[in-house]
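Summary of the model geometry
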Amino acid sequence: MLAHVIGLEFLFEPVIFTIVVSFLIILFAAYFSLPSVFWFIFLLLQISLWSNSWLCFAVGIAVIILLFVPFVRSRIISPLVFMLLKKLGVIPDISETEREALEAGQTWIETEFFSSKPNIKKILEQKPATLSKEEKEFLDGPVQELCEKINDWEIWKKRDLGTDVLQFIKDKKFLGMIIPKKYDGLEFSAAAHSAVIQKIASRSTVAGITVMVPNSLGPAELLIHYGTQKQKDYYLPRLAKGEELPCFGLTEPGAGSDAGAISSEGVLFKEDGVIKIRLNWNKRWITLASISTVIGLAFRLKDPENLLGDKKDLGITCALIPSNSKGVVLGRRHDPMSLPFHNCPIQGNDVVVAAEDSIIGGLKMSGKGWMMLMECLSVGRGISLVALSAGGAKLATKFSSNHSLIRRQFGMPIGNFEGVEEVLARMSGVCYKAEAVRSYTLSALDQNLKPPVVTAMAKYSTTEWARDSYKDAMDILGGSGISMGSKNNLAIPYMSVPIGITVEGANILTRTLIIFGQGVFRAHPYALLEMQSLQEGDVKKFDKAFFSHLGHIFINICRTFILSISRGYFYQQNPVPGLKRYVQKFMWATSVFSLMSDVAMGLMGAGLKRKEKMTGRFADILYNLYTAAAIFHKYSHSNYKKEELVIVKNSLNQIFYDIQKSFDGIFVNFKVPLLGWFFTRVIQYWSALNIIGVPSSDSLSHKAAKDILNDSDFRDSLFDGIFLSKNKEDHFFKQSQAFKKTNESAILEKKFTTLCKKNKIPKLKMNLRLKQALELNLITQSEHNQLLEVHQMRWDCIQVDDFSEEEYRG
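Residues numbered from 1 in each chain as written. Predicted model: local features only at pLDDT ≥ 70, side-chain atom pairs only at ≥ 80, totals over all residues. Heavy atoms only, no water.

Some remarks on a negative patch on the surface
A cluster of acidic residues, Glu643, Asp713, Asp716 and Asp720, forms a negative patch on the protein surface. Its place among the elements puts Asp713 in helix α30 (residues 713-718). (Patch = residues over 30% accessible without salt bridge, like charges linked within 9 Å, V, L, I, M, F, W, Y side chains within 5 Å. Areas by Shrake-Rupley, 256 points an atom, 1.4 Å probe, with all protein chains shown as cover. Salt bridge = Lys/Arg side-chain N within 4 Å of Asp/Glu carboxyl O. Lys, Arg positive; Asp, Glu negative; His and termini not counted. Charge placed at Lys NZ, Arg CZ, Asp CG, Glu CD. Helix = DSSP H or I, 4+ residues; strand = E, 2+ residues; numbered from the N terminus.)

Details of the side chain of Glu504
Summarising the element assignment, Glu504 is placed in the loop between α20 (491-502) and α21 (507-515). For the buried Glu504, no salt bridge is present, and the opposite-charge side chain at shortest range is Arg381, 5.9 Å distant. Engagement of the side chain of Glu504 in a polar contact is seen with the side chain of Ser216, the distance being 3.2 Å. A polar contact is formed between the side chain of Glu504 and the backbone nitrogen of Arg381, at a distance of 3.4 Å. Those residues in contact with Glu504, other than ones at most four positions away along the chain, are Ser216, Leu377, Gly380, Arg381, Leu385 and Lys459. (Buried < 20%, exposed > 50% of the residue type's maximum accessible area, 1.4 Å probe, protein only. Polar contact = N/O pair within 3.5 Å; in protein donor to acceptor, adjacent residues only side chain to side chain. Contact = heavy atoms within 4.5 Å.)

Describing the side chain of Asn653
Structurally, Asn653 is set in helix α27 (residues 645-668). Using a relative accessible area of 12% as the deciding quantity, one classes Asn653 as buried. Within the local environment of Asn653, its side chain forms a polar contact with the side chain of Tyr582, the two groups lying 3.1 Å apart.

Here we look at helix α12 (residues 205-215)
Most of α12 sits inside the fold, with 11 of its 11 residues counted as buried. Looking only at α12, the buried set comprises Thr205, Val206, Ala207, Gly208, Ile209, Thr210, Val211, Met212, Val213, Pro214 and Asn215. A side-chain oxygen of the first residue of α12 lies 3.4 Å from the backbone nitrogen of Val206; this N-cap is Ser204.

Re the packing of helix α11 (residues 190-201) against helix α17 (residues 418-445)
Here α11 crosses α17 at 145°, and the two axes come no closer than 8 Å. Here Ala190, Ala191, Ser194, Ala195 and Gln198 of α11 come into contact with α17, specifically with Glu435, Arg438, Leu442 and Leu445. In terms of residue class, the contact of α11 with α17 is made up of 5 nonpolar, 2 polar and 2 charged. (Axes fitted to C-alpha atoms, helices over the stretch in contact; angles between N-to-C directions. Nonpolar A, V, L, I, M, F, W, Y, C, P; charged D, E, K, R; others polar.)

Topic: the environment of Ile65
Turning to its location among the elements, Ile65 is positioned in helix α4 (residues 54-68). For Ile65, a relative accessible area of 34% corresponds to the partly exposed category. Each C-alpha atom, one on Ile65 and one on Tyr657, is 46 Å from the other, the two residues being 592 residues apart in sequence.

Observations concerning the packing of aromatic side chains
In total, this model carries 25 aromatic pairs according to the counting rule given. Judged by centre distance (4.9 Å) and plane angle (45°), the ring pair of Trp108 and Tyr440 falls under tilted. Residue Trp108 is found in the loop between α6 (96-103) and α7 (120-125), and its partner Tyr440 is found in helix α17; the two are separated by 332 residues along the sequence. The exposure class assigned to Tyr440 is buried, which follows from its relative accessible area of 0%. Between Tyr440 and Tyr626 the ring centres are 5.8 Å apart and the planes differ by 35°, which places this aromatic pair in the tilted class. On the criterion of sequence distance, the pair formed by Tyr440 in helix α17 and Tyr626 in helix α26 (residues 612-637) is long-range, its members being 186 residues apart. Here Tyr440 matches Tyr626 in class, with each residue buried. Grouping aromatic residues by their ring pairs yields a cluster made of Phe82, Phe542, Phe546 and Phe547. Positioned above the aromatic ring of Tyr569 is the side chain of Arg581, whose terminal nitrogen or guanidinium carbon lies 3.8 Å from the ring centre. (Phe/Tyr/Trp six-rings, centres within 6.5 Å; stacked < 30°, edge-to-face > 60°. Lys NZ or Arg CZ within 6 Å of the ring centre and 35° of its normal.)

Section: the nonpolar core
By size, the foremost hydrophobic cluster in this structure holds 114 residues, and its most contacted members are Phe586, Phe593, Leu652 and Phe663. Considering each element in turn, this core owes the most residues, 14 residues, to α26. If we skip the residues at most four places from it in the chain, Phe586 touches Phe113, Pro118, Ile120, Ile123, Leu625, Ala628, Ala629, Phe632 and Phe656. (Core = buried A, V, L, I, M, F, W, Y, C linked by side-chain atoms within 4.5 Å.)

Dropping the structure here:
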């Protein structure tokens, strides 16, 4: 009856009804990923239902056998598809260096985002990274002591970290954090390594980099994993105790981001029965080089006399070269953004060393340097720069939010103005998601995983967020931000921001070539297998990968259709209390991302890796999905604290807003007849993740800003891990105390302002207004003293440095 009224009675015609039911069965069976045996039986039933002759039935059975029986399919269909794809060049060829990069390390949680059906339980149950008692004591002891010794303004003025500070770093084994205890190192976890860098860098970028580099990509890391026992026994104890100071020479004038293009060369020759190397190199941007005692060097190893086999060019190799070797040229320095850490050019002219002793791992590791570098870079990139950036975002946010409450204009804190409030809310969200990404990434690294795509996402996202936070902080600080001196804690780290953006994979390259460019092959369940099988000529391997991929695409289409048509609401599980709608959006966005990745590979084929604007947009979606997963993980492991919910929602709103912008860019730029129109006129509008058109509502943004202006345990937790001096003369300490006192006096100040208006006390200087109010018995002596104290504290904190002409030029 109802169907008749609304004009849908035709659906109950037997044929139409059967088609609709069959369609729904297909749709939901695919959504729930039912096994292939279901599809086999279902298709048999469909053939039986629709065949009107034995011929049709036989053809249908033959098609099912061809598609579902691997033994038959791999001998009839797959060879034809294999030859066609080879001829069309759909799958890109990969060079040896690309292959080594793709095979380096492992995949981890990023595979979930290409599956179309991420395992939320797996994401949430990942064990968080924790610190041992020994590691906590090191943070509270030597690290705190080191930070107290450091005066960032003095370092910048004198253009030197200071010999006493550097010696303290050596003596306390800061340079041996990753070295095992049996070699006199500290053998810290990745979490501790990160925590140490975060705390030091929040005090001084120069000190942070000095500690960071030897513990990141460098001789120690390479020796631990690949060195001979003789090399480990000699170098590791000396590196741990600071008796050797290392640097690593990779980049050079013709090889920056394209490190595989290095021209530094080593030639093997034999002298007195010993195989040696004659090295020539010209490196630049090498941190610690001018004060190093041992150089880790990446170079191309040539074997013209075939001493090691029949190959003339053995490939990129890593070796250890004593800095005092004849022919090594040190001494000059670069000036990276006026930050006085040692960053230098180094040259080597006909430097001769014994091959077995110098090549890391000995002669057997000749030509394996690129693999070694890719493995180790994937770890260091996820620790040091992420820690430095998370600490920087926290420092910028705490310092500027302190200032926002302390600084008064037009009779109220500048943090109460909506323009500043909007920025503070954004910055607080950055603090939360940067810490979420830092800790989530460390949870993988501390399980001895080396996921290069994940660490690339972590490095890219956190360094970009730190850049945004410093920019926002400087906007809030205004004149105080641009006035250099000991009272400005942000100017020097603000200048350092491009360094983090540039090193260990420049961010433009990381975004456009690594995150999605490598991720789509490494993390996709079938793409790499297809590529390898085509290159190897393995039809059987190709058959399994290709037809599994087709099934994956079909499931993606059905799943994306259901989630899009229901705007994500079809997903009804609630694994993260309070965030059900955000989990629905996450599942929906992941499904669309997975499908569009397959569409991009199918439409663009081998040309996809050259479509860097497109891969950049996919990368933006991928790292935002990773960030959302990290936030879910952090929130769940903080026991769903109610006070975190506002900032969590505000952060996730920004994430889904950014994801939608990237999807819009993808849809608009699929220039395919008819299909392009479908993407821009149908999919783009219906599948909008964020329908309000702005990252977050004004009311939620207001609450997030208020949370960061209130002195609370939650606010303190947001900035956990950065350095705060115990020296009462330290400007940041005084500013933080003024923030606390202002919060404590908020009710009294409001009372005083009301009384002044009521009793018409003129707008005099604060001390005179207080005196007049006291004389009129409007406030008590105790209240007078409290208000005067907090006023004086605020006044002191908004002062900036000035200099005589002599001091300025000095």
